[in-house]
Every structure is written in C-alpha cells, then in structure tokens.
Amino acid sequence: MIPFLQRIADIYFDRHADSMADYCFVFPNKRSATFFRHFLGLHATSCSPLIEPEVTTISDFIADFSDYAVASRYDLLFTLYNLYNGLSPQIEEFDRFVFWGDMLLSDFNDVDRYMSDASQLFRNLKNYKEINSDYLTPRQKEIINKYWGAQIPLDNIDRFWTHLDNPREPHTNRESFMRLWEILEPLYRQFRESLSKRGLCYSGMQYREVAEKFAAMTHDDIPYRRIIMVGFNVLSISELSIFSRLHEMGIADFYWDYSFPEELRTDNMATHFIRRYVKLFPSLYDIAEEENIGLPEIEVIGIPSNVGQVKYTGRLIERMVADGRIANPENAIDTAVVLPSEDLFIELLHSLPSSIPSVNITMGYPMKLTPAAALMRSVMTMHLKARKIRGSWCFFYEDVCDVLANPLLARIAPEVCEDIRKTISRNRMFSIPADELRNTWPTVENIFYPVDDLHSGTEVFDYTLQLVSFLEQELKTLQSADKNATIDQSPDDIPADSDFMLPPEEAETPAPIALEVGFLSRYRQSVEQLRDTASRYRVNMRESTFFHIIRSVVDAETVSFTGEPLKGLQIMGILETRALNFDNLIILSMNERIFPKRQFTRSFIPNILRRCFGMATMEFQECIFAYYFYRMISAAQNVTLIYNTRTEALNSGDMSRYIYQLMHHYPQSHMKMMSAAFSLPAPTPVNDIAIAKDEKLMEVIESYRAVDGTRRYLSPIGYQYIHQLSTQVLPPLSPRP
C-alpha cells in the first residue's frame, strides 16, 4: 500500500514540478509535514533539483496571517490572574487559582476558536443555572411540599442565587465559584484587550482573528497560487471558515485520509465529520489506489501488568525482526509503537531489543512523571513541613527518607544516602536538624539547606535553581566518567517468576543519565521562566508559598523530545499518528478510559450550551479519537493491540470499546484474540507454629486470672514473653496492671 502522503507528493510532482515554489502545503502537525517533505525529496534525487514548496502546519499557517504573537502559558496565567483579582472583591492565592486559570484559558480558547458569541454565551450561563436549579424529580417535589410546604420550583428564581450569600451559611469555595461565573464576560473582554494592547494572543484568539481577516481577503492578498490542505479530520468553526473562503477563491485543494476498508466504514462515528468535508471540499485529483484496500491482520493480547505490556512489546519487536516483518532493523521506520498513556514511556525505552539501534520519539512526556519532578516534590514537601526547634530548622524524618529514596539522589551519593538512613534508624531520630545534615554529610548540603522565608520568591527560586543545577552538574560528572552509567530502578510491577521476566543481567529498569539530565534541564528552564514572569507581573503572595506555585505550575509542563523523524523505530502518542502510515503497528494500553480517555468536562461551559453555540463537545472528542484509531489500523498490514487485564485501582481491566467494535464488525479470519498470564510456582508448605502448654507455662498463664479483683492484660507479644519466661530465657518481669 502506497502511503497517503506519498500519493499526494507523487501526483503533485508529476503535474506541477515546475511551479511547486508557488504552492503551500498545510498539515495538521509537524511530523506529517516532515514525512511529506521526505516523499517529495525522493523525486528530487532522480532528476534536476526541485524548488521545494512551502510546507507548514495549520498553526504556523494561521500565525503567518496574524498580527499577534501567541503568549506563553505563564504570561497568559499571570495576566488572567491579575485581571481576575481586579474584578473579584476577594483576592485569590495564585497557586489555588492555577486550576481555575487553566480551565478559563481552555474555555476562552474554545469560545474564540469556534467563533461563538461570547456576550450571549456568558449571559446564557446564568439562565442555564437558573433552569438547572430545578433538579428534583416530581416525587421529591411532592415530598418537600408535603413536609415543609415549599413549592418547587421557587416562585422567585433569584432566591437560588441569594441564598449563596447568606452570612449564616458560609460556603467559601462555592461563593468563589459563583463569583467567577458572574465575572466571566468582563474577564474575557478585559483579557483579550490586555493581550492585544501588547501584541499578544492565545491560540483561539489568533484563529478567530485570521478567520475574520480571511472573510475580507481576495486572491491578491494570498501569497500563494494554490494552498493544499492535507490530512485534516474534525475542523473548528474558524478553520471551517478559512477553508470555505479559500475554496470560494478557487485557490485551495483538499485531501482527506478516508481510505477505510468497507467493513470499518459502516455506521462508524470515525467518519461522521469527514463524510461531510469530502463533499464540501472535494479534491482536485483522485489519489485513491486502484486496488481495494486489504484488511490488516489484527492480534489482540491481554496481559495482566502494565510493565508486562512493554516487556512483551520488546520481545514482539524482536520476533518481528527475526521473521522479517521489520525489513530493516537498522532503520525500522515502517514500524510504530503508539502509547495512549505516557506512563509506560520510560519502561518501553528500556524494553526495546538491542536489534533496534535507533529510535525516534514523537510525543510529549509529562514533567510530573519524571524522576526530577518527583525528587523536587519530595524536597518541597520536606521544606514545607520543616519547623524551627530551639532556633534551628529541623526536617521531619519521614520527609528526609523520602528524599533519600529518590533514584536520582541515590545514584549521585548512594553511600551518603544509606549512611543517613542508618543514622536516623539507629538513633531513632524524629526531627533532624538541617545544620547536622549539612555539616555531617556536606555532599548533599545543597538539598538540606533550609529556606528561612517560604513566602519570599527570591529565596525559594534561588534555592530551587541552585538545587537543580547541582543535580544536573553531578549527573553530568557521572556521565562523563562512565558513558554507560545508568540509574537503577526496580520494576516492582512484575512478579519475580513472571513469564515476562528478563534474564538476571537485564532484570533492572535502567534510565540513561542523559535522559535524566534532559529532564532536569527542562525543569530548570521552566522554573527560570516562571521566576521571570512572576517578577515581571509583580504577583503578590499571601498565605501560600512559591514552592506551591512551582509544584502546581511546572508539573503541568510537558517535555518534548527531538530527534531524526525519518530514522528508526517510531514511538509516538495518538495525536502524532495523523496522516502517517506504518506497515507494523503496536498500540499499548488498549483499555477503556485510557484509549479513548474518559472525558472529564473541565469547563465552566456546560455541554448543552457548547452544543447550542457550535463549540466542541464530548461527541467531538469521541469522533476524533475513533478516526485516529481506525485510520491507523486501516493503513497497516500487521496490527497488535495490547491491553492490561489486571483489575486494580481505577483500572477495571476492560478492553477498549474499539476492540469490542472490531469483534462485532471485523472478519474473525483476520483477527486473533490471545491472553497472556504469569506462571506462578506451586505454594511451598508452611510449617505450623505451635507452643506446647506444659505445667509451668499454665502456672504463669493462670497468674493472669483476676482472682483478687485486679485485672491484667495479656497480648500476643505478652504470651510470647510468658513462653520465654517459662523456659527461663528472660528474667521475671512484673506484669502491667
């Protein structure tokens, strides 16, 4: 099967090789644009040099026509925070505002990206709440009327709002929440005005600006003879407006990755939107392959362990190399491992076989999952719970032990960490003076240096940056001393005698120091940016601390990886698969609530109002991820779907709904279901522990009977002592009354 992007590159090279410099190809992401350049470059090597067309992403295409620059997340949050405090009578602490701030930014972004009437929308929120206040069933209303004589709904609907301000019913969180609803419209308006005055914007604001600008544009205002939109799926209203205007001007061409097998097209929500777009925006050239698309071979495997999934994936890739399914192991670009859950990323890296020398990573890794962030969270907790005892700062022993248990610190100073733990245990220390830690073990003095004023941004940021720089430098020193150095982490998720257990020499899960150095570097950059932005916006702290700000803001960042996208085994997230084709496809974590993810509506705008104002709803997300899944497997030859069968915590062990859909619609001849299990050893016999009660022992036990009115207590430990006493192992001990 010829890849979707290659077919577009082939037909445009054949027909427009001489005029490509005047064309612009627009893609949904950078990865698909890179692969398109690769396929176009294959033609340039076989003929005279080719003047490459403009190849860009939709976000960069929009930015080229905008008068504003997209502000950083920190700029947006601090701007929104200051404006909110100006509109609200009660000043909110910033670290508590971050959660609401991210929700507000998301809502404002959706309002503009879908070009909704903000004034009408926010005005309708109050009306919606009034309607929603009548939430009782007829039977409940009847009971309330019978016992309290109250008519529901209330005669005056404003009573629903006024009771929230009743001084006899203080509900601080609810009042803050209601005040936020009431100021949404002026906050939205002032937020846009504040950004535009500085030449800044957020993504949705930029999309709306360009969509409105395109409505008045003519062909002469566009710097390209033709604009080719490739590989899009669900469009926002602003994107739809831009596409429509380009289509009206006659300078646009559209290509939709719609090559699904017939078995997967029927009654499939994955094609709900794209069927409409194919009719609205037809393609100039027919790129459909003449032969019918063959059905891929699908293998579904259930494994009762998260780490077991990645260990099995490593062995599966090794078998694919051996049997030739991966034709070129040195550059396995025809094979992709897709991770709907980023939690398995580190373990996957260490489970890949040595036969795959190069790997390209195309996904964002949450900062909060990195060992660097875990260490900083432990350090921050230690400082937040520190107390002054007799004028000296002391740390709680459990917090110190948590810090010492982090694999980063254990790798830098293993002997020191072990010595501190033994000292704490041997001396039964509860509060540990910071001075003693620094003076006795100077190797780790940067960690246990106390911060006198937790409300001082200068002190907290300086300490954090100094600590991160110290860890970064120590790891670089280790890396230069041993290029193959690793940080040991034990995979505690796999039983010791599992079928998927690696040989002893590979049984540990190592993390390359270079990777950890990269995580620390990214963490340091985020803290520096946060410090500079907080200083520039002069954010005042009240009862909270800057440690809370660092933890809540920096942990929400994402670490991006760079590499050679056209070389090696491809490891990617769901969004990065758009418009790409792979012969071999392995998708992990195919569990319900993971893929597709359980949709939590973190929004101030209810779903019903989103639908009425043409904004994205949960149904949009369902269609988007269904399209991603079916498009991926339709373009592959060999598909392996792996899910976790273990039932624990929030994981129910259920297969994804997509697997059930395949079982219902897909030919069973092309689908194989398997289940893997760990082999457990036969239980070893356990010898019974029994103590014979001889006369001497019974005499001691009888002494505990309350014959004189005095009551004595006998515990299992006391019983053990009595046995030792009866055998004259210990001296007599007076029983406790």
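Structure: above.
Throughout what follows, the structure given in this document is the object of discussion. (Residues numbered from 1 in each chain as written. Predicted model: local features only at pLDDT ≥ 70, side-chain atom pairs only at ≥ 80, totals over all residues. Heavy atoms only, no water.)

**Concerning the overall build of the chain**
Put simply, the test is: Only runs of H or I of at least four residues qualify as helices and only runs of E of at least two qualify as strands under DSSP, and these elements are numbered from the N terminus. Only protein chains enter the accessibility calculation, which uses a 1.4 Å probe. A residue is then buried if its area is under 20% of the maximum for its type, exposed if over 50%, and partly exposed in between. The contact rule is simple, with two residues in contact once any of their heavy atoms fall within 4.5 Å. With residues, only the protein chains shown are counted as cover, and all accessible areas are computed by Shrake-Rupley using a 1.4 Å probe.
The number of helices and strands found in the chain is 29 helices and 20 strands. Within the chain, the proportion of its 737 residues that are buried is 49%. Sequence separation of at least 24 residues holds for 79% of the intrachain contacts in the chain that already meet a minimum separation of 6. Counting only carbon and sulfur atoms, one obtains 50% of the accessible surface of the chain, whose full area is about 36900 Å².

**Examining empty space enclosed by the protein**
This is how the line gets drawn: Any residue with an atom within 4 Å of a point lines the site, the site being either a cavity, points on a 1 Å grid over the protein atoms alone where a 1.4 Å probe fits but cannot get out, or a pocket, an open set with protein on both sides within 12 Å along at least 5 of 7 lines. Grid points are joined across faces, edges and corners, and a volume is the space filled by probe spheres set on the points. Residue classes follow a fixed rule: Ala, Val, Leu, Ile, Met, Phe, Trp, Tyr, Cys and Pro count as nonpolar, while Asp, Glu, Lys and Arg count as charged, and any other residue, Gly among them, counts as polar.
Tallying each qualifying case throughout the model produces four cavities of 30 Å³ or more. By volume, the largest cavity is sized at about 60 Å³. Forming the walls of the largest cavity are Ala-336, Val-338, Met-572, Thr-577, Leu-580, Asn-581, Phe-582, Leu-585, Arg-631, Met-632, Ala-635 and Ala-636. Elements with a minimum of two residues in the lining of the largest cavity: β8 (335-338) and α26 (618-634). Grouping the constituent residues of the lining of the largest cavity by class yields nine nonpolar, two polar and one charged. Looking at the second largest cavity, its volume works out to about 40 Å³.

**Notes on the sheet that holds strand β20 (residues 671-675)**
Selection rule: What makes two strands pair is DSSP finding at least two bridges between them. The convention used is that axes are lines fitted to C-alpha atoms, helices contributing only their stretch in contact, and that angles between N-to-C directions extend from 0 to 180 degrees.
With parallel pairing, the seven strands of this open sheet are ordered in space as β9-β17-β8-β18-β19-β7-β20. If you trace the sheet from one side to the other, it starts and ends with β9 (359-362) and β20, each paired once. For this sheet the average axis-to-axis angle between neighbouring strands, irrespective of direction, equals 15 degrees. As defined by bridge partners, strand β7 (residues 297-303) adjoins β20 across five bridges and the pair is classed as parallel.

**Regarding the sheet that holds strand β5 (residues 226-230)**
With respect to topology, four strands assemble into an open sheet ordered β2-β1-β5-β6, the strand pairing being parallel. Unpaired on one side and paired on the other, β2 (54-57) and β6 (252-255) mark the two borders of the sheet. Going across the sheet, the axis of each strand differs from the next one's by a mean of 20 degrees, ignoring polarity. Relative to β6, β5 runs parallel, the two sharing four bridges. Counted as the bridge partner of Ile-228 is Asp-253 from β6.

**Let's talk about the packing of aromatic side chains**
Rule in force here: Two rings belonging to Phe, Tyr or Trp (six-membered ring only in the last case) form a pair when the distance between their centres is within 6.5 Å. Interplanar angles under 30 degrees mark stacking, angles over 60 mark edge-to-face geometry, and anything in between is tilted. To sit over a ring, a charge needs its Lys NZ or Arg CZ within 6 Å of the ring centre and within 35 degrees of the ring normal.
One pass over the structure, following the stated rule, counts 51 aromatic pairs. The interplanar angle of 75 degrees and the centroid separation of 5.0 Å between the aromatic rings of Phe-396 and Tyr-397 together place this pair among those described as edge-to-face. For Tyr-397, a relative accessible area of 27% translates into the label partly exposed. Ring pairing ties together the aromatic residues Tyr-114, Phe-232, Phe-243, Phe-254, Trp-256, Phe-273, Tyr-277, Phe-281 and Phe-620, which thus form one cluster. The residue whose ring lies beneath Arg-113 is Tyr-207, and the NZ or CZ to ring-centre distance is 3.9 Å.

**A few points about the pattern of salt bridges**
For clarity, the threshold we go by: Each reported salt bridge corresponds to a side-chain nitrogen of Lys or Arg within 4 Å of a carboxyl oxygen of Asp or Glu.
For the structure on display, the rule yields 27 salt bridges. One salt bridge in this structure joins Lys-213 and Asp-67, with 3.3 Å as the shortest N-O distance. Here Asp-67 lies in the loop between α3 (58-64) and β3 (69-70) and Lys-213 lies in helix α11 (residues 203-214), a separation of 146 residues in the sequence. Residues joined by salt bridges that share partners form a network here, namely Arg-73, Asp-102, Arg-522 and Glu-557.

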